[in-house]
Amino acid sequence: MQSNTENIAEFRHISIDYPLKKYTIRAVTDVTFELKRGKITALVGESGSGKTTLASSLIRCISEPGRVAEGEIVFYGKEEDGIREIRADALSDKEMRKFRWNKVSMVFQAAQSALNPVMTVRQQFFETLDAHDSKLTKEQKEEKCRGLLEYVKLDADRVLASYPHELSGGMKQRVMIAFSLLLDPELIILDEPTTALDVITQNYIFNLLKEINRERGISMLLMTHDISVVAKFADYMGVMYGGRLMEYGTVAEVFKNREHPYTAGLIGATPSIIGDISSMHPIEGSPPDLMNLPKGCIFSPRCPKCCDLCLTAEPPTREFADGSKGKCYFFKEADHADAADAN
Amino acid sequence: MQTQQMQTESAAPLMRLENINMVFKKPGSLFTDRNIHVLKDVSLDISEGEIVALVGESGCGKTTLGKIITGLYRPTSGDVYFEGERVSGTFDKKLSSYNQVQFIQQDSYAALNPVRTIYQSLYAPIKTHNRKWSKKQIDGRIEELMGLIGLQPSAQFLTKYPHQLSGGQRQRILMARAISLEPKLIVADEPVSMIDVSLRLSLLNLMKELNEKLNMSFVYISHDLSTTRYIARNGRVAVMYLGEIVEVGNIGDVIAKPRHPYTRALIQAVPIPDPEYKGNDELPLRSMQLGSLENRGDGCAFYERCLYSCEKCRGKIGFVKTDTADVLCCNLENVPRDPVYDKK
Amino acid sequence: MEQENKQGRRSEILSEIARIASDVGASVLRGLKKVFSNGKTITGFAILMFFVLVAIFGPLIFPYDASTDMANTYLMPSLEHPFGTDWLGRDVFRQVIAGTGSVLAIAFYSAIFTVVIGTVLGIVSGYLGGWVDRIIMAITNIFLSIPSFPIYLLLAAIVTINTPLSLAVIISIWSWAGLCRSVRVQIMSLKERDFIQICAVMHMSKAHIIFKELMPNVFSYIAINFVMAMRNAIMASVGIMLVGLAAYDPTNWGAIINAARTRGLMNVKNIYILMYPLVCIIIFQIATLVLANGLDETLNPRLKVL
């Protein structure tokens, strides 16, 4: 349907299990979606929705003891002779080490703990460079780090010589962003990059990320629980709930149509500083318990539109002509007719 | 600073903070201590039944102010009045009325003793303050509280330990514990920041309900203007920056027409959950560098970052009363007046 | 009128005590149930219990006869003498059984002293802070900085040790300090936690904060330390016995080892004799370690697995 060059990565029917002592928890269930090259794709979901697990599977960073149980992950990497297909889930550990950071890097939620507290920023940057590409001379390495730190608008002299605790939260997160750019990756995974930061710093970091996305053409996968951030910064979005991808499409369409009741609920439950607040209401009920999922659609106990069908069979993921997906019986085909394909 | 107090001269407010200063000493070099000036000349009135929001970035002193209001901290200088009576700290046994201020903390897991059941955590404070009550009376009170916060049937929750409840349920328990002593004022420090989005509104609704039903005043501390606007709909907001209140007024007015240069930047930075508002990318700020809290002078704390700073900003500055708010700024005539967010 | 008031107050206090007691009882029962769901705990506890039973009933079933029997020295193990006999023809099996009680008594007393002193001082120091803390810490540091074993020897040489209790006192004098320090640190960090801070806002009494909020949180740590203190006490007591400084009880395992050692280890038969108490000590130590690990797994929330 789509040419491969349009996507940078594809998740195909991915399921991820956490085998525990007595039972196994399926954190991600049968998720299929793609990341568009050069775009910012956001995965929205609450805690336990499986968004971090799903994204970490791309670089095999799923927290223990999780493992990909089913499905395949394909990455389309740029090589000198064109685009090459890489099966990210089938790489050997050695190949994965090369793949990680060279092709896909990650900015973690807690920048404070992602940096080693007893090493200066310079040492950590050099160490990573050495681990992946030992051919650079010391001057080249220094130049590269400086360039990146200045690119994220930090005072390179000061920051390179600092230990993590000497930097503020916003600065640390910018160091992490520079760090993720170190080996010129094609895709950056951003796991709640601004959760601990205040709005002004958050705005600043996202403007910076947007700039990186535009100027360097680096694709991004943003995981967040905050749909306001998605509305402001992302191009595509997927909504996760209980380990399932409930809806996927362009940000503009998803917000306009509000077709999936969960998405609609999330938007309706997020207060804003403008507009009417008296009509807002929370989503009733509580998030799903992965060990004890309801029959049928997993959102059905909280869904205002729930009907008999929803209680008996889980709705399949429907794909529409415009490339969007929805896991609900109530999606209208007509809303998703691609303008070009319509006739 | 006098301006704020003028309005409520007639009836004493529930709580009045007057020129609160908070200085933490940190060991510096060999002979000098570093003085960290966390709060500087903060004055604020809280009336009965009112919701006052304290908003600002991390490190602006809003939590410290909250702890002073609850009596956990004693201010370095300045006075705290509760119902017109001067109080100074919780451990002052004489001032038992001060018990009427309760606290809801941010991290609901840390706020409950992990090895005690919910029942034990709720029972102890009620027993302490109602020595004469029988177990039956207290059980009845707990039952009543559980109904109020919407955790029914209560038996299902009371026997559990904190880690067996969800974040939203724990936060409700914290609210039950806070209202169990029938306080007149509750300080809520970021009560929903660790709660899932879909559950936030119901907690905020619960707080609004308690505010209306029981006429309890709330001090809502948050860095999130959106939830603040939701809960404090008709209340006031005090915007804090580096330990000072820079703008205080009705929340609707302040958000619609922010006047202090910092408030303007803050409001512009808030993302709108609607892709049609892309907003202005560049914030009206000169730099991202937060000022220092150490050994502060008289001048404006926002001076270095302000686009509209002038010579006067270096000296002592006072509040200016505008038609919407009290603003701590000396050059207000040069700050734009237009709303940050226009209609689409 | 006043009388009545007093009476009312008394009955109130009594009912409060009864309530606390039933509270404590229920939580102890719940705790025990939880504790004994762990295999390691059961194993360790069972072995320790076995030693306790041996100490109580062993001497009744196999009374030890200290008289010498020169005709039957160095007998190899047989049905009559399961561990053989020593150089004076005494039954080694019965010696080991007779010594169990003294070993356990020393371990138990010493663990109690250590834990009580260490915990009380640690909590007081950590919770009150200020000059109380400084004084207690100064004392603790003195005890920590002087090596314990030479002091045991010195003390044992000065004081006549003739009961398990006196030996236990000497051992615990030098072993509470470490526990005190770590309890203090735990209390200090607990004190800053939100759920203790809120107690101040709610005007809860100091007694409530210490006994009902702080104590339950360090209880598991104390339980584990109790077991570990028993282990250390056995080490120390055997050491003291081994150098012959508390020779009041010739059947104590340490004393048996010492006696066999002084007889000369060139004689392999003395090594045989020495092996039996040594193996008992090793089994006892392993049991305490297994028990402590088991307790750690069930009680320490950080190690809790799903």
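The rules behind each value
- Residue positions are counted from 1 within each chain, in the order its sequence is given.
- Chains and ligands are labelled by the order in which they are written, letters from A for the one and numbers from 1 for the other.
- pLDDT decides what is reported in this predicted model: residues at 70 or higher carry local features, side-chain atom pairs at 80 or more are listed and counted, and totals for whole chains, interfaces and linings draw on all residues regardless.
- Where side-chain values are given, they derive from all heavy atoms of the structure, hydrogens and water being excluded.
- Numbered from the N terminus, helices here are DSSP runs of H or I no shorter than four residues, and strands are runs of E no shorter than two.
- Every radius of gyration here is taken over C-alpha atoms, with the globule rule written as 2.2 Å times N^0.38, N being the number of residues.
- Between buried and exposed lies partly exposed: a residue is buried under 20% and exposed over 50% of the maximum accessible area for its type, with that area taken using a 1.4 Å probe on protein chains only.
- Only heavy atoms enter the contact rule, under which two residues are in contact if any of them lie within 4.5 Å.
- The Shrake-Rupley method, run with a 1.4 Å probe, gives the accessible areas here. Residue values count only the displayed protein chains as cover.
- In this description, strands pair whenever DSSP reports at least two bridges between them.
- Disulfide assignment relies on a single distance test, namely cysteine sulfur atoms paired within 2.5 Å.
- For our purposes a nonpolar core is just a set of buried Ala, Val, Leu, Ile, Met, Phe, Trp, Tyr and Cys residues, chained together by side-chain atoms within 4.5 Å.
- We define buried area as the total accessible area lost by two parts upon association, computed with a 1.4 Å probe and summed across both.
- Salt bridges are counted wherever a side-chain nitrogen of Lys or Arg sits within 4 Å of a carboxyl oxygen of Asp or Glu.
- Any N or O atom pair separated by 3.5 Å or less is treated as a polar contact, with the protein-specific requirement of one donor-capable and one acceptor-capable atom, and with residues adjacent in sequence counted only for side-chain atom pairs.
- All residues other than Ala, Val, Leu, Ile, Met, Phe, Trp, Tyr, Cys, Pro, Asp, Glu, Lys and Arg, Gly among them, are scored as polar; the first ten of these are nonpolar and the last four charged.
- Distance thresholds for patches are 9 Å for like charges and 5 Å for nonpolar side chains (Val, Leu, Ile, Met, Phe, Trp, Tyr), applied to residues having over 30% relative accessible area and no salt bridge.
- Here Asp and Glu are counted as negative and Lys and Arg as positive; His is not counted, and neither are the chain ends.
- Every charge is mapped onto a representative atom, which is NZ of Lys, CZ of Arg, CG of Asp or CD of Glu.
- Axis lines are fitted through C-alpha atoms, for helices just across the contact stretch, and the angle between N-to-C directions can take any value from 0 to 180 degrees.
- Every helix has an expected span of 1.5 Å times one less than the residues it contains.
- Throughout, the arc means that of the directions going from the helix axis to the C-beta atoms.
- Bend at a residue means the angle formed by two fitted axes: the first through the 7 residues ending at that position, the second through the 7 residues beginning there.
- Stacked, tilted and edge-to-face pairs are distinguished by plane angle, under 30 degrees for stacked and over 60 for edge-to-face with tilted covering the rest, among Phe, Tyr and Trp rings (Trp via its six-membered ring) whose centres lie within 6.5 Å.
- pLDDT: the predictor's confidence for each residue, scored from 0 to 100.

## Describing the overall build of chain A
Phase 1 of the analysis: Assigned secondary structure in chain A consists of 12 helices and 12 strands.
Phase 2 of the analysis: On C-alpha atoms alone, chain A measures out to a radius of gyration of 21 Å, which is about the 20 Å that the 2.2 N^0.38 rule sets for 343 residues.
Phase 3 of the analysis: Out of the 343 residues in chain A, the part that is buried amounts to 54%.
Phase 4 of the analysis: Summarising the internal contacts of chain A: among those between residues at least 6 apart in sequence, 64% fall at separations of at least 24.
Phase 5 of the analysis: Carbon together with sulfur atoms contributes 50% to the accessible area of chain A, which is approximately 14800 Å² in total.

## So, the pairing of strand S2 (residues 24–36) of chain A
Residues and elements named next belong to chain A.
Phase 1 of the analysis: As judged from the 9 bridges shared by strand S1 (residues 7–19) and S2, these two strands associate in the antiparallel manner. What sits directly across from aspartate 17, in S2, is arginine 26.
Phase 2 of the analysis: Taken together, S1 and the strand that follows it, S2, pair antiparallel across an intervening segment of 4 residues.

## Comments concerning the state of the cysteines
Residue and element names in this part refer to chain B.
Phase 1 of the analysis: Scanning the model with the defined rule gives 0 disulfides over all chains in all.
Phase 2 of the analysis: You can see cysteine 60 has no disulfide; the closest cysteine sulfur is in cysteine 300, sitting 15 Å from it.
Phase 3 of the analysis: Taking the relative accessible area as the measure of exposure, cysteine 60 reaches 3% and is therefore buried.

## Details of the nonpolar core
Phase 1 of the analysis: Core analysis: the largest hydrophobic core is formed by 139 residues, its most contacted members being Met15(B), Ile69(B), Met146(B) and Ile173(B).
Phase 2 of the analysis: Among residues more than four places away in sequence, those in contact with Met146(B) are Leu122(B), Leu151(B), Gln152(B), Ser154(B), Phe157(B), Leu158(B) and Ile173(B).
Phase 3 of the analysis: By size, the runner-up hydrophobic cluster in this structure holds 98 residues, among which are Met237(A), Tyr248(A), Val251(A) and Phe255(A).

## Some points on the interface of chain A and chain B
Phase 1 of the analysis: Contacts between the two partners involve 39 residues from chain A and, on the opposite side, 38 residues from chain B.
Phase 2 of the analysis: With both sides pooled, the region where chain A packs onto chain B buries about 3600 Å², and carbon together with sulfur makes up 64% of that total.
Phase 3 of the analysis: Among the residues chain A hides against chain B, the three largest losses belong to Ile200(A), Lys232(A) and Ile273(A). Together they make up 23% of the total.
Phase 4 of the analysis: For the pair chain A and chain B, the interface holds 0 salt bridges.
Phase 5 of the analysis: Counting the contacts that link chain A with chain B gives 7 residue pairs in polar contact (both at pLDDT 80 or more).
Phase 6 of the analysis: Elements with a minimum of two residues in the side of chain A that touches chain B: helix H8 (199–216), helix H9 (227–233), helix H10 (251–257) and helix H11 (261–268) of chain A.
Phase 7 of the analysis: The element that contributes the greatest number of residues to the side of chain A that touches chain B is H8(A), accounting for 7 residues.
Phase 8 of the analysis: Split by residue class, the side of chain A that touches chain B holds 20 nonpolar, 15 polar and 4 charged.

## Examining a positive patch on the surface
Residues and elements named next belong to chain A.
Phase 1 of the analysis: Taken together, the side chains of Arg84, Lys94, Arg97, Lys98 and Lys135 define a basic patch exposed on the protein surface.
Phase 2 of the analysis: For the positive patch, the element with the most residues is helix H2 (residues 93–102), which contributes 3 residues.
Phase 3 of the analysis: Tracing the backbone shows lysine 94 in helix H2.
Phase 4 of the analysis: The class of lysine 94 is exposed, set by a relative accessible area of 66%.

## A look at the sheet that holds strand S4 (residues 77–82) of chain B
All names here are of chain B.
Phase 1 of the analysis: The strand order across the open sheet built from 4 strands is S2-S1-S4-S5, with neighbouring strands paired in antiparallel fashion. Single-partner strands in this sheet number two, and they are strand S2 (33–46) and strand S5 (85–87). Shown here is a sheet whose adjacent strand axes are inclined to one another by a mean of 35°, direction ignored.
Phase 2 of the analysis: Both strand S1 (residues 15–27) and S4 contribute to a ladder of 5 bridges, which runs antiparallel. Residue methionine 15 lies in a different strand from S4, and its bridge partner there is phenylalanine 82.
Phase 3 of the analysis: Contacts from helix H2 (residues 62–70) reach S1, S2 and S4 within the one sheet, and its direction differs from that of S1 by about 120°.

## A few points about helix H4 (residues 135–148) of chain B
Residue and element names in this part refer to chain B.
Phase 1 of the analysis: Relative to the 20 Å expected for 14 residues at 1.5 Å per residue, H4 spans 20 Å between its end C-alpha atoms, a close match to the ideal helical length.
Phase 2 of the analysis: Of all the positions in H4, only Ile138, Arg141, Ile142, Leu145 and Met146 are classed as buried. One face of H4 carries all of its buried residues, which in axial projection span an arc of 140°.
Phase 3 of the analysis: In the core, the buried residues of H4 are packed alongside helix H3 (118–129), helix H5 (155–158) and helix H6 (167–180).
Phase 4 of the analysis: Phi for glycine 150, located one or two positions after H4, is positive at around 75°.

## What about the sheet that holds strand S3 (residues 51–55) of chain B?
Residue and element names in this part refer to chain B.
Phase 1 of the analysis: Read from one edge to the other, the open sheet built from 8 strands follows the order S6-S7-S8-S3-S9-S10-S12-S11, with strand pairing classed as mixed. The open sheet has two free edges, formed respectively by strand S6 (101–104) and strand S11 (319–321), since each of these has just one partner strand. Each adjacent strand pair in this sheet contributes to an overall mean axis angle of 20°, direction not counted.
Phase 2 of the analysis: Examined bridge by bridge, strand S7 (residues 185–189) and strand S8 (residues 217–222) share 5 bridges and lie parallel to one another. Within the sheet, the bridge partner assigned to alanine 188 lies in S8 and is tyrosine 220.
Phase 3 of the analysis: Where H6 meets the sheet, its contacts fall on S6 and S7, and the angle it forms with S6 comes to roughly 170°.
Phase 4 of the analysis: Set on the sheet, helix H7 (residues 197–213) makes contact with S3, S7 and S8; between it and S8 the angle comes to about 155°.

## Some points on a nonpolar patch on the surface
Phase 1 of the analysis: A cluster of nonpolar side chains, contributed by Met76(C), Val268(C), Ile271(C), Tyr272(C), Met275(C), Leu278(C), Val279(C), Ile282(C), Ile283(C) and Ile286(C), occupies part of the molecular surface with about 840 Å² of accessible area.
Phase 2 of the analysis: Residue class for Leu278(C) comes out partly exposed when judged on its relative accessible area of 33%.

## Re the pattern of salt bridges
Phase 1 of the analysis: For the structure on display, the rule yields 37 salt bridges over all chains.
Phase 2 of the analysis: Between Arg184(C) and Asp133(C) there is a salt bridge, and its shortest N-O distance comes to 2.6 Å. Remark: Asp133(C) occurs in helix H4 (residues 130–145) and Arg184(C) occurs in helix H7 (residues 176–191); sequence separation between them is 51 residues. Summarising the burial analysis for this pair, Arg184(C) and Asp133(C) share the class buried.
Phase 3 of the analysis: Through salt bridges with shared partners, a single ionic network connects Glu10(A), Arg12(A), Glu72(A), Arg87(A) and Asp89(A).

## Section: helix H9 (residues 206–242) of chain C
Phase 1 of the analysis: The end-to-end C-alpha distance of H9(C), which contains 37 residues, comes to just 47 Å, noticeably less than the 54 Å that a straight helix rising 1.5 Å per residue would cover.
Phase 2 of the analysis: Along H9(C), the largest kink reaches about 55° and is centred on Met215(C); proline Pro216(C) follows within four residues of it.

## Considering the packing of aromatic side chains
Residue and element names in this part refer to chain A.
Phase 1 of the analysis: Considering all chains together, one arrives at 20 aromatic pairs over all chains under this definition.
Phase 2 of the analysis: For the pair phenylalanine 33 and tyrosine 248, a centre-to-centre distance of 5.8 Å together with 65° between the ring planes defines the contact as edge-to-face. A residue pair is termed long-range when its members are at least 10 positions apart, and phenylalanine 33 in strand S2 and tyrosine 248 in strand S10 (residues 244–250) qualify at 215 residues.
Phase 3 of the analysis: Under the relative-accessibility criterion, phenylalanine 33 is labelled buried at 1%.
Phase 4 of the analysis: With a relative accessible area of 2%, tyrosine 248 lands in the buried category.
Phase 5 of the analysis: Ring centres 4.5 Å apart and planes at 50° place the aromatic pair tyrosine 241 and tyrosine 262 in the tilted group.

## Considerations on the confidence of the model for chain B
When pLDDT drops low, the exact placement of atoms in the prediction is not to be read closely.
Residues and elements named next belong to chain B.
Phase 1 of the analysis: Looking at chain B, the pLDDT average stands at 83 and 90% of residues meet or exceed 70.
Phase 2 of the analysis: Throughout residues 1–10 the model reports pLDDT below 50, and contacts reaching past four residues in sequence, or to other chains, amount to 22 contacts.
Phase 3 of the analysis: Predicted confidence for residues 89–97 stays below pLDDT 50, and this span has 18 contacts to residues more than four positions away or in other chains.
Phase 4 of the analysis: Here the predicted complex carries an ipTM of 0.83, next to a pTM of 0.82.

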